[in-house]
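Secondary and tertiary structure notes
Listed below, chain by chain, are the residues.
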Amino acid sequence: MKKILLFATIAMGLATTSCDSYLDINQSPNSPQESNMTSGIMMPAAEINLMASFGDFMRIAGGYYAQYYCQTFGTSNYLDYSQFRMSASRSSGAYTQLTSRTLKSLDYVLRFSRQEQEWGSYLAATALKAYTYQLLVDAYGEVPYTEAMQDLNNMSPKYDEGTDIYDALVDSLDFALSKAAPGNKVCTNLLYPDEDATRWIRFANAVKLKLLMRESGVKNVQAKLDALVAEGNFPTEDVEYKGIFKNESGQMNPFYAEEFSSAWGSNQQNVVANVAIIGTMQQSGYTDPRLPKFFKVNGNKEYVGGISGTNFSTSNTYKASYWCRPVASFDMPVSLISVSEVEFFLSEYYAKKNDAGNAAAHYAAAIEASFASAGVSGAAQNIARNAYDQANYAKCIGVAKWVALAGVNTYESWCEIRRLRYPAFGDVKGSDMYDLVSDASYAPDKYVPGTLYTPIQVYGQVGENHLLERWPYAESSAARNGNAPSFPGYTAPVFWAK
């Protein structure tokens, strides 16, 4: 990343409207300035740092691993991602931002709000903490959790197993949900400004649903899932940060600022569309109506995707303007979880119970919600073309979810591909579609819609027909930590994908 955005002016502006007038906690030896902090300051600070890393670094990396993105002509900033690589140093900044800033700020809010029994604020901070830890577990598999916040001077907290962290996160959500109620006041925040706990409760339930559905493939959490689904109190609108970005340096959507803005003194543009998503959303005389909402046409008014593993640096024809770029704007939302994602999880829940009727209904609702979020019509035709299939529900849901998340939440899509194993790898490889030598070898028509493919010059420790399953432990976490475990390898699945 060129810059890590903090949007400090937004945070300080909102802090002046904080609903908190309490908190004198100057007894902590770890942070002598805590007495100046309130939940209304620390909550936006946590959200800002979450947006900055999740909305930029994780969006970009996830987009390459899910084969939405490719490297543009002649540049190399993310060519390693395109070849399914990740280094310990690459993710180190984002890891630090999520732990030392997001989670640390949320820890303040949790302690303060519990002390004062401000259960709306407590629930909001719990939901964001669970969401943030889920991101970390899904990337690394194991991260410090139980000892991470006990002593901020401890440079060697133990790494907890991902399954134990997930269990703890579900328990924390259960406790917070048992305490909070609609109408409870929530401190100043950016997700639901000046809002009571009602929508935070729904968001917390959605996070819990995601955690339990990911656990459901490796352990028995059926009773908890049954109770949660029976309650049915999930978001009725996409959970996203919106309406807070400005067309000013430091206040833009972080992905847009990184890839599309010249505010940082660089006009380099790295991310272009991948032949996989373009070839899936445009095929056999049908163009998915969501495609123009996710990607722009190229200079020839066509949808053309590049190939993972190359930046076409030897090309004479396929220059930067030939490839399609993602649709982005300074004020585009940062999506945490969409109604479509929730509906896909519910479809899978019923599919696993062999309830084909409800599974099909929620599958259709997921696609309809995706079309609604994109602001386009045509969901019925798409559902008919990609009819629900109970006998192959993982493939059916996996491919449809992959398409729906293409312009919304690329990181979560990478997670779901690893878990559902769809889209699966086809017989065609990246090297079958381009030979790195001749423009004439570029053959996107060989791509099989709804599949993944091995990148050209794929990272050797990942190999052919494999996803990058996890990231090496972040350098900022593991380099000086004697308790850091040995890295199990790039193709070792995290616990919920085993």
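Before any of the text, the structure's been laid out above.
What counts as what
Residues numbered from 1 in each chain as written. Predicted model: local features only at pLDDT ≥ 70, side-chain atom pairs only at ≥ 80, totals over all residues. Heavy atoms only, no water. Helix = DSSP H or I, 4+ residues; strand = E, 2+ residues; numbered from the N terminus. Expected span 1.5 Å × (residues − 1). Buried < 20%, exposed > 50% of the residue type's maximum accessible area, 1.4 Å probe, protein only. Contact = heavy atoms within 4.5 Å. Salt bridge = Lys/Arg side-chain N within 4 Å of Asp/Glu carboxyl O.

A word on unusual backbone geometry. Cis geometry is found at the peptide bond from Tyr422 to Pro423, where omega equals -5°. Within the secondary structure layout, Pro423 lies in the loop between helix H16 (410–420) and helix H17 (430–433). Of note in the backbone geometry, Phe312 takes a positive phi value of approximately 50° without being a glycine. Here Phe312 is to be found in the loop between helix H11 (291–294) and strand E8 (334–337). Backbone geometry at Asn354 places phi at a positive 60°, although glycine is not the residue there. Along the chain, the position of Asn354 falls in the loop between helix H12 (339–352) and helix H13 (356–374).

Moving on, we come to H13. Helix length check: H13 (19 residues) gives 27 Å between terminal C-alpha atoms against 27 Å at 1.5 Å per residue, within 8%. Ala359, His362, Tyr363, Ala364, Ala366, Ile367, Ala369, Ser370, Phe371 and Ala374 are the residues of H13 that are buried. Those residues of H13 that are buried are in contact with strand E7 (286–287), H11, H12, helix H14 (379–385) and helix H15 (393–404). Of the residues flanking the end of H13, it is Gly375, one or two places downstream, whose phi is positive at about 75°.

Before going further, it helps to examine the pattern of salt bridges. Following the criterion strictly, the structure yields 24 salt bridges and no others. Taking the shortest distance from any N to any O, the salt bridge between Glu259 and Arg325 comes out at 3.0 Å. A residue pair is termed long-range when its members are at least 10 positions apart, and Glu259 in helix H9 (residues 254–259) and Arg325 in the loop between H11 and E8 qualify at 66 residues. Pair check on accessibility: Glu259 and Arg325 agree, each one buried. Among the ionic pairs, Lys429 bridges to Glu464, the shortest N-O distance being 2.8 Å. Placement of the pair is Lys429 in the loop between H16 and H17 and Glu464 in the loop between H17 and helix H18 (475–478), with a sequence separation of 35 residues.

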